[in-house]
Amino acid sequence: MKNNEMTAPLAVKAKKKIDRQLLGLLIFVIIMMVVMSFLSPSFLSVSNLTNVFRQSVFIMLLGFGMTFVLTTGGIDLSVGVMLALSGGMSGWLLSMNVNIVPAVIAGILVGMLVGAGNGLMITKLHITPFIATLATMSIGRGVMYVWTNSIPFRNYMVGGFRFIGQGDIFGLQFPIVIAIVAFVILQFVYRCTAFGRHVTAYGSNEESARVSGINTDKLLIKVYALSGLMAAIAGITLASRLETVHPEMGKGYELDAIAAAIIGGTSLSGGKGTLIGTVLGAFIIYLISNALNLLNVDPDWETIVKGIIILIVVAVEFLSHRNKKD
Amino acid sequence: MKKQAVAHTKKFDELGILIVMIALFVFLAIASPFFLKVENIQNLLLQSVFVMLVGFGMMFVLTIGGIDLSVGSILGYSGAVTGIIIAAGGNVFLGILAGLGTGAAFGIINGLLITQLRIAPFLVTFAMSSVVRGILLLSTTNGAVSGFAVPEFTYLAQGYIIGLPIPVFITIIVFVILLFLFKFTSFGRNVTAIGSNREVAFLSGVSCNKITVGVYMLSGLLAALSGILLAARLTAVQSEMGGGYEMDAIAAAVIGGTSMAGGKGSIIGAIIGAVILGMISNGLDLLSVNQFYRQIIVGAIIIIAVALERFTSLKTERV
Amino acid sequence: MKKRHFKVAGLVLAVLMVMTVALAGCGNVDNPAETPAASDGGVGDTGTTAAVSAADGTWQWGDPAWEAAVRAKVEGKTFKIGFTPPAASEFYDIIMHGAYTMMDELHDRFGVNFEFEFVAPSEHDAVESQVSTIENWATKEFDAVLVCTAGDFDSMNAVYEKATAAGTAVYLFNMPAELWDVDTIKATSVISYDNARQSGYLVGQYAAEKLNGEGKILFISGNDGHWTTSRREGFMEAVSEYPGLTIVGEQRGEYVRDSGMAAAENLLQANPDVSFIYGENEEMAQGAVQAVQAMGLKMWDGNEGIIVVGADGLKSGFEQIRSGGLTATVDVGSVDQGREAIKAIFMHELLGYSIDKVINVPTILVDKENVDIPEAYVDWALAAEESYN
């Protein structure tokens, strides 16, 4: 995958393609909303849509980190488990009456450290990202079981902590605020900082990035630590939202996060990513299951329909892209 | 440049991981009095081959630079198709053929979506796994598929030939065929060529689309074979059968030295990878390791195995 | 404050119960007058006295002559038992502790030793890995294995036969034996409860009673599988007896809180006027409660609001019931399942008594009124030491 040489004009083309893809996604969301508003009266309400957005926040946050990771040409399968470890750390400390500030900071540190560990394995031990993060996933899940002894952490809810997952600011649920803030900051980092440019450069062509003097090891470690950081934020928010940290918390989230990023137009082979696409991707995943739930579709059918819709979303983007070319 | 290096080290590629496997084997033989029992070795092989078969297909897919997340679902549904036909009184061979056909058909659909619509393999197969799992859920709404345990069929998984469980026997035959296919045919060479550099392969006249569809078909077919054997072993097919197999298969292939980035694969490596995974879980049972520490140990062993492999292969490369 | 008070009460109760049992255990030899129910920890016995009937006349725990005879037969023997639930979870932890209490008791009374091993697959539905585990235990010459699995009945029968043939007896626990023809069960015995009659049906009845037979119901189910099938069957049967009760939505919550919560949120958007939510386990039910609260809807206060009922009988569930976070749940006799399973193995494998193919333990619908009783029992079991791992 990394052998794809992406020259400058190609990169420009790729950017244009991303914009079209975003347009395609937006059109899809709008069509879906119109159709659904006829089918179910409760779909197009503010409360329903904010609900869907709130449900998608956790995948979205993981997806942000994943977008960076995928842009480097890597993958991070351990986000679900980092989410659990961080949420677990905060919850566990709170249940021992530690003040909320150190508890949250400790949770975030856990995520970043595990993420940096992934980065170290990948760069220093030369283990492929897939295997390194798969191993972390297995180890982390094991740690969750040893740590909780299979009994979920609970009874850690204090007022301030409850606010993170359940409070609101100006009528906006706080998890949504977190996602928006994270998006704005990361969008800036991705587009306007040297770090962001290096990530794209590395993903487009590892060799030339190295030659041009980028410390690639450091870069990768930072990227995986960022993924851990996002997982930690998601995990702490989820711990506050669910009021309990189950050892299985976040299981399977990694695939949804990857799907969100890719639906949004981030490439699995690296060099190309878009955070706004990830926002839309995560939103669409939850919008689909919300719509199917509201229509009371048989849960067996839900699995099929979800898969087909994801295919349609991506295929429609491709076809519209081709038509324009013709 | 890179390609040359790959060709050069090919002969020694599996050495590092082979050493890891042998070390693990020796360790378990010493640590547990039950490990070398005939039944245990039979069990161990039997427990490994289902992932191994899927891993073979995955190895081809990874080598061409793709990924196939739908193998677990295809495995489940193909087994169900075979089961349904046999349960309805159909001929066993017909049932098996239909199951294999189902797997191959889904593989072809994967391949066509990837090549014709140019959607990322990850997404196509991720969505396909959802679709196929859904179809399986629908065909098991009234409970698991069962009632197909006629002796001719269950013999496939429960019988023995010269002390080897039949699935192991079948896997060996499949291995020989695939090894030939991978090493000595233009198909195999083209798979590697496309994975190393699609552009170059295309320009040198390789019909990339055909080969890609072929690879996904092969992956579907092998998943189906594994599913049918698993159905014969379990004598019932549940909606969740094969769940998570894609990860094990990928892990088996990658531990065995197949590159996630394409262009480099090893069938023998996939075997060793699957056996290592099988030995880990068998060993953990035999050594009565505390439940909660198991996943930690599995993860640690994967890291050690791959890091060791990297270390030794770098060394041989220098020699 | 109130919560803590109850907690202390629970603890005291637990300590008292442990002491009673311990005292009963020691004192029995000199005091044969002790009633069998009291000597056996009380609540757990109803299932077995009927099921495990002695082939040659009557027996009682605490009868010194019987105890001496049994001790002579089993003292110093070591019995190896494997325990494999479909997942490592709080629920199966309670069952395991129930098993510890009985092993402790048997060890103290009769001098028999146990080796106990626990393995759960890392994926809930990883049937193949459980099959492998059972095979590996048979290789290790275990005397008996206790199995609870998401695996299909037919598919597991093959490995049960294989293990039994290798000399390892197979006992099932927490499995819906009511779904199967008893003669086709290849395990020695199933120690469980009737998921339809003793769980789903109870919830349906509770709904009818609290809603006076009128109202809309949401159903959040777990992964498709035999437990869901059976519980749904019982629930639907009870609901169908009241034409005023309608089920307006059903979605899967995969037995976990976040999925249960999302399913409930989505269903409540379409049906904000429901009065009853049945979450098929407590994690999903608590997720539903959080969805209800997040949407600003009112939980049941004894007269009005949305009733949310789960099933399991976990510590967290009991705590939530006390604080009004969950209306009710079904305690499916987890402690007794562990105890009776060990007892059945002991009676059949070591002493040669015949046992019934299906041994169902008592279950109870728990709400604020009666939460003390099942909670104290679970607390008592959880206090047992994990001395066999």
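Only a predicted model underlies this, so the values are computations on that prediction, with no experimental measurement involved.

Caption draft 1: Broad picture of the overall build of chain A. Helices and strands together make up the secondary structure of chain A, namely 13 helices and 4 strands. Principal-axis analysis of the C-alpha atoms gives chain A an extent of 65 × 55 × 40 Å. Burial analysis of chain A (326 residues in total) assigns 62% to the buried set. Long-range contacts, defined as pairs at least 24 residues apart, comprise 78% of the intrachain contacts of chain A with a sequence gap of at least 6. Of the roughly 12,200 Å² of accessible surface on chain A, a fraction of 68% belongs to carbon and sulfur atoms.

Caption draft 2: Structural view of the pairing of strand β10 (residues 328–331) of chain C. Residues and elements named next belong to chain C. Residues Ala328 and Val330 of β10 are buried on one face, and the alternating residues Thr329 and Asp331, pointing to the opposite face, are buried as well. Pairing of β10 with strand β12 (residues 364–367), which is carried by 4 bridges, proceeds in the antiparallel orientation. For Ala328, the partnering residue across the bridge sits in β12 and is Asp367.

Caption draft 3: Representation of the confidence of the model for chain A. With 91% of its residues at a pLDDT of 70 or more, chain A shows a mean pLDDT of 87. Note that pLDDT drops below 50 for residues 1–10 of chain A; the model gives that stretch 16 contacts with residues more than four away or on any other chain.

Caption draft 4: Examining the pattern of salt bridges more closely. Applying the stated criterion across every chain yields a total of 27 salt bridges over all chains. Note that C:Glu90 is salt-bridged to A:Arg154, the shortest N-O span being 2.7 Å. Of this pair, C:Glu90 sits in helix α5 (residues 90–110) while A:Arg154 sits in strand β1 (residues 153–154), which puts the two residues in different chains. Given a relative accessible area of 6%, C:Glu90 falls into the buried group. A:Arg210 serves as the salt-bridge partner of A:Glu206, at 2.9 Å between the closest nitrogen and oxygen. With A:Glu206 and A:Arg210 both in helix α9 (residues 206–211) and 4 residues apart, this pair spans about one turn of that helix. The class for A:Arg210 is partly exposed, based on a relative accessible area of 36%. One continuous salt-bridge network, built from bridges that share partners, spans C:Lys315, C:Arg322, C:Asp372, C:Glu375 and C:Asp379.

Caption draft 5: Highlighting a nonpolar patch on the surface. Residues A:Leu23, A:Leu26, A:Ile27, A:Ile30, A:Ile31, A:Val34, A:Val35, A:Phe38, A:Leu39 and A:Leu295 make up a contiguous nonpolar surface patch of roughly 950 Å² in combined accessible area. Within the secondary structure layout, A:Leu26 lies in helix α1 (residues 8–39).

Caption draft 6: Region of the structure containing helix α4 (residues 71–87) of chain B. Residues and elements named next belong to chain B. When the terminal C-alpha atoms of α4 are compared, their 24 Å separation across 17 residues agrees well with the 24 Å that a helix rising 1.5 Å per residue should span. In terms of burial, α4 is a largely internal element, 14 of the 17 residues being buried. Positive phi appears at Gly89, one or two residues downstream of α4, with a value of about 95°.

Caption draft 7: Structural view of the interface of chain B and chain A. On the side of chain A, 40 residues touch chain B, which itself brings 40 residues to the contact. For the pairing of chain B and chain A, the buried interface totals around 3,900 Å² over both sides, and the portion due to carbon and sulfur atoms is 79%. At the junction of chain B and chain A, the tally comes to 0 salt bridges. Our enumeration of links across chain B and chain A arrives at 1 residue pair in polar contact (both at pLDDT 80 or more).

Caption draft 8: A look at the sheet that holds strand β11 (residues 358–360) of chain C. Residues and elements named next belong to chain C. Taking strand neighbours across the sheet as the criterion, the 6 strands line up as β2-β1-β3-β4-β5-β11 in an open arrangement whose pairing is parallel. At either end of the open sheet lies a strand with only one pairing partner, and these are β2 (113–118) and β11. Taking the axes of each pair of neighbouring strands and ignoring which way they run, one obtains an average angle of 20° across the sheet. The pairing of strand β4 (residues 169–173) with strand β5 (residues 189–192) spans 3 bridges and is classified as parallel. By the bridge assignment, Tyr171 is partnered in β5 with Ser189.

Caption draft 9: Main features of the side chain of C:Asp312. All names here are of chain C. One can find Asp312 in the loop between β9 (307–309) and α12 (315–323). Salt bridges are absent for the buried Asp312, whose nearest opposite-charge side chain, Arg231, sits at 5.4 Å. In this structure the side chain of Asp312 is engaged in a polar contact, spanning 3.4 Å, whose partner is the backbone nitrogen of Glu282. Each residue touching Asp312, except ones within four places of it in the same chain, is listed here: Phe91, Asn281, Glu282, Thr329, Val330, Asp331 and Val332.

Caption draft 10: Representation of the interface of chain A and chain C in the model. At the junction of the two partners, chain A supplies 33 residues and chain C supplies 32 residues. Interface of chain A and chain C: buried area, both sides summed, is about 2,500 Å²; carbon and sulfur atoms make up 39% of it. Considering only the side of chain A, the residues that lose the most area to chain C are A:Arg154, A:Leu242 and A:Asn293, jointly responsible for 20% of the buried surface there. At the surface where chain A touches chain C, the tally comes to 3 salt bridges. With a closest N to O distance of 2.4 Å, C:Glu265 and A:Arg54 form a salt bridge. Applying the counting criterion to the chain A and chain C interface returns 20 residue pairs in polar contact (both at pLDDT 80 or more). Breaking the side of chain A that touches chain C down by element, the ones donating at least two residues are α2 (46–71), α10 (216–242), α12 (275–294) and α13 (299–325) of chain A.

Caption draft 11: Main features of the packing of aromatic side chains. Here the structure, examined in full by the defined rule, presents 30 aromatic pairs over all chains. Note on A:Phe68 and A:Tyr190: the rings are 5.1 Å apart at their centroids and 85° apart in plane angle, and the pair reads as edge-to-face. Of this pair, A:Phe68 sits in helix α2 while A:Tyr190 sits in helix α7 (residues 174–192); the two residues are 122 residues apart in sequence, bridging distant segments of the chain. Judged by relative accessible area, A:Phe68 falls into the buried class, the value being 0%. Seen in terms of ring centroids, C:Trp137 and C:Phe142 are 5.5 Å apart; in terms of plane orientation they differ by 10°. Their pairing is stacked.

Caption draft 12: Geometry of the environment of A:Val81. All names here are of chain A. Of note, Val81 is situated in helix α3 (residues 79–95). Since its relative accessible area comes to 1%, Val81 is described here as buried. Counting along the chain gives 154 residues from Val81 to Gly235, while the straight-line C-alpha distance between them is 9.1 Å. Dropping the residues within four chain positions of it, Val81 is found in contact with Thr136, Met137, Gly140 and Arg141.

Caption draft 13: View of the side chain of A:Ser289. With respect to the secondary-structure elements, A:Ser289 resides in helix α12. In contact with A:Ser289, other than residues within four places in its own chain, are A:Glu302, A:Lys306 and C:Asn266.

Caption draft 14: Main features of the packing of α4(B) against helix α11 (residues 208–234) of chain B. All names here are of chain B. Between α4 and α11, the shortest axis-to-axis distance is 7 Å and the interhelical angle comes to 55°. As summarised for this structure, α4 and α11 are arranged oblique, according to the angle between their axes. You can see that α4 and α11 cross each other, and the crossing is right-handed. Of α11, the residues touching α4 (which contributes Val71, Ile74, Leu75, Ser78, Gly79 and Thr82) are Ser219, Gly220, Ala223, Ala224, Ser226, Gly227, Ile228, Leu230 and Ala231. Of the residues assigned to the contact of α4 with α11, the class counts are 8 nonpolar, 7 polar and no charged.

Caption draft 15: The arrangement of unusual backbone geometry in detail. The backbone of B:Ile162 sits at a positive phi, close to 35°, despite the residue not being glycine. The exposure class of B:Ile162 is exposed, given its relative accessible area of 74%. One non-glycine residue, C:Asn212, lies in positive phi territory at about 50°. Tracing the backbone through its elements, the reader meets C:Asn212 in the loop between α8 (196–211) and β6 (215–221). Taking the relative accessible area as the measure of exposure, C:Asn212 reaches 67% and is therefore exposed.

Caption draft 16: Geometry of helix α4 (residues 64–74) of chain C. Residues and elements named next belong to chain C. Of all the positions in α4, only Trp66, Glu67, Val70 and Val74 are classed as buried. When α4 is viewed along its axis, its buried side chains cluster within an angular range of 95° and face the same direction. Away from its buried face by more than 90 degrees, α4 exposes Ala65 and Ala72. Looking at the buried residues of α4, the elements they touch are α5 and α13 (334–350). Between the side-chain oxygen of the N-cap and the backbone nitrogen of Ala65 there are 3.1 Å, and the N-cap of α4 in question is Asp63.

Caption draft 17: Representation of the packing of helix α5 (residues 92–116) of chain B against α11(B) within the structure. Residues and elements named next belong to chain B. Their axes nearest at 7 Å, the elements α5 and α11 cross at an angle of 145°. Read as a crossing pair, α5 and α11 show a hand that is right-handed. Its residues placed into classes, the contact of α5 with α11 shows 13 nonpolar, 10 polar and no charged.

Basis of the calculations
Residues numbered from 1 in each chain as written. Chains lettered and ligands numbered in written order. Predicted model: local features only at pLDDT ≥ 70, side-chain atom pairs only at ≥ 80, totals over all residues. Heavy atoms only, no water. Helix = DSSP H or I, 4+ residues; strand = E, 2+ residues; numbered from the N terminus. Buried < 20%, exposed > 50% of the residue type's maximum accessible area, 1.4 Å probe, protein only. Contact = heavy atoms within 4.5 Å. Areas by Shrake-Rupley, 256 points an atom, 1.4 Å probe, with all protein chains shown as cover. Pairing = 2+ DSSP bridges. pLDDT = per-residue confidence, 0-100. Salt bridge = Lys/Arg side-chain N within 4 Å of Asp/Glu carboxyl O. Patch = residues over 30% accessible without salt bridge, like charges linked within 9 Å, V, L, I, M, F, W, Y side chains within 5 Å. Expected span 1.5 Å × (residues − 1). Buried area = accessible area lost by both parts, 1.4 Å probe. Polar contact = N/O pair within 3.5 Å; in protein donor to acceptor, adjacent residues only side chain to side chain. Axes fitted to C-alpha atoms, helices over the stretch in contact; angles between N-to-C directions. Lys, Arg positive; Asp, Glu negative; His and termini not counted. Phe/Tyr/Trp six-rings, centres within 6.5 Å; stacked < 30°, edge-to-face > 60°. Parallel < 35°, antiparallel > 145°, perpendicular 65-115°, else oblique. Left-handed = near helix turned anticlockwise from the far one by under 90°. Nonpolar A, V, L, I, M, F, W, Y, C, P; charged D, E, K, R; others polar. Arc of directions from axis to C-beta.

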